[in-house]
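Coordinates in review
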Amino acid sequence: MIVQNETETLSWAEQFAKTLKQGSVVAISGNLGAGKTVISRGICKALGFKGTVCSPTYTIVHEYPNTPPLYHLDLYRLSHVEDLEEIGWDQFVTSEGITLIEWPERLGENTLGITHWIEVQILSENQRKITVSEWNPLQKSVLRQK
Ligand SMILES: Nc1ncnc2c1ncn2[C@@H]1O[C@H](COP(=O)(O)OP(=O)(O)OP(=O)(O)O)[C@@H](O)[C@H]1O
Ligand SMILES: [Mg+2]
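Report follows, based on the coordinates. (Residues numbered from 1 in each chain as written. Chains lettered and ligands numbered in written order. Predicted model: local features only at pLDDT ≥ 70, side-chain atom pairs only at ≥ 80, totals over all residues.)

1. Remarks on the environment of Glu14
Topologically, Glu14 is positioned in helix 1 (residues 6-16). The exposure class of Glu14 is partly exposed, given the 17 C-beta atoms found within 10 Å. A sequence separation of 67 residues divides Glu14 from Val81, and the C-alpha atoms of the two residues are 31 Å apart. The contact partners of Glu14, leaving out residues within four places of it in the chain, are Gly42, Lys45 and Ala46. (Helix = DSSP H or I, 4+ residues; strand = E, 2+ residues; numbered from the N terminus. Buried ≥ 20, exposed ≤ 12 C-beta atoms within 10 Å, placed from the backbone. Contact = placed C-beta atoms within 7 Å.)

Next comes the structure, spelled out in C-alpha cells:
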C-alpha cells in the first residue's frame, strides 16, 4: 500500500485495526520518522482510545486505559535482549490486550507471539510504502503477504 501523507497513513491504520483481535501483537518496523507512531495512533484511535499516543522512547512501555487494554512499546532503547525480561515481555505476548511494538528489530530471535508485522518504507518526504505480513505465532513464519 502506498500512502501520500500522514492523513492517509492514519486512515490506513484505522482500517488495519479492524483486523486485530484481543491478544494481537503488532510489530511496526521502519526507520526513524517513518511513521510508526502515526500508525500506532491510528490503531489506538480505531480501538476506542481517546487520549494521547506518543513514542514511549524513554519509558519503553505505555499502557493506555482502554477496552481492550492497549500496550505501546518502543524498543529503540533496549540494548540487550535480556532486558526484555525486565520490561515484562512475556506479559504482553500472553495478554488479552493489544500490543503495538515500535523497533521490533530489537527483539532479535524473540519474535514468538507476534501476530502481525508491519513494514513502513520511506519513499519520499511524505510518501510511504506499508506492507503487512500476518505471522503464525507458533511457527514464526510469514503466512500471507498483503
Ligand atoms: N505518509 C506519512 N505517514 C506518516 N508520517 C508521515 C508521512 N509523511 C510525513 N510524515 C511525517 O513523518 C513523521 C513520522 O513520525 P513518527 O513519530 O510517526 O515516526 P516513527 O517511525 O514513530 O519514528 P521513531 O523511530 O522516532 O519513533 C511525522 O512528522 C509525520 O508528520
Ligand atoms: Mg515512534
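2. Overview of helix 2 (residues 36-46)
Within helix 2, eight of the 11 residues are buried, which leaves it mostly tucked inside the rest of the structure. Listed as buried for helix 2 are Lys36, Val38, Ile39, Ser40, Arg41, Gly42, Ile43 and Cys44. Contacts made by the buried residues of helix 2 are with helix 1, strand 2 (25-30), strand 3 (61-64), strand 4 (70-74), strand 5 (98-102) and strand 6 (116-122). A positive backbone phi angle near 105 degrees is found at Gly48, which sits one or two residues after helix 2.

3. Brief notes about the site of ligand 1
Around ligand 1 sit 16 residues in total, of which Thr9, Gly35, Lys36, Thr37 and Asn126 are the nearest. Listing elements by their share of the shell around ligand 1, those giving two or more residues are helix 1 and helix 2. At three residues, helix 2 tops the list of elements feeding residues into the shell around ligand 1. Partitioned by chemical class, the residues of the shell around ligand 1 number four nonpolar, eight polar and four charged. (Near = placed C-beta within 6 Å. Nonpolar A, V, L, I, M, F, W, Y, C, P; charged D, E, K, R; others polar.)

4. Section: the pairing of strand 2
For strand 2, the buried fraction is high: five of the six residues fall into the buried class. Relative to strand 5, strand 2 is paired through four bridges, and the arrangement is parallel. The residue bridging Val26 from the neighbouring strand is Leu100, located in strand 5. As paired strands, strand 2 and strand 6 are joined by five bridges and run parallel to one another. Looking at the pairing, Ile28 lines up with Ile118 of strand 6. (Pairing = 2+ DSSP bridges.)

5. Thoughts on the packing of helix 1 against helix 2
A pair of packed helices is captured by two measures, namely the crossing angle of their axes and the spacing between those axes. Close contact between helix 1 and helix 2 brings their axes to 7 Å; oriented N to C, the two are set at 45 degrees. Judged by the inter-axis angle, helix 1 sits oblique to helix 2. Here helix 1 runs over helix 2; the crossing is right-handed. Contacts between helix 1 and helix 2 involve Glu6, Thr9, Leu10, Ala13, Glu14 and Phe16 from the former and Val38, Ile39, Arg41, Gly42, Ile43, Lys45 and Ala46 from the latter. The residue inventory of the contact of helix 1 with helix 2, partitioned by class, reads seven nonpolar, two polar and four charged. (Axes fitted to C-alpha atoms, helices over the stretch in contact; angles between N-to-C directions. Parallel < 35°, antiparallel > 145°, perpendicular 65-115°, else oblique. Left-handed = near helix turned anticlockwise from the far one by under 90°.)

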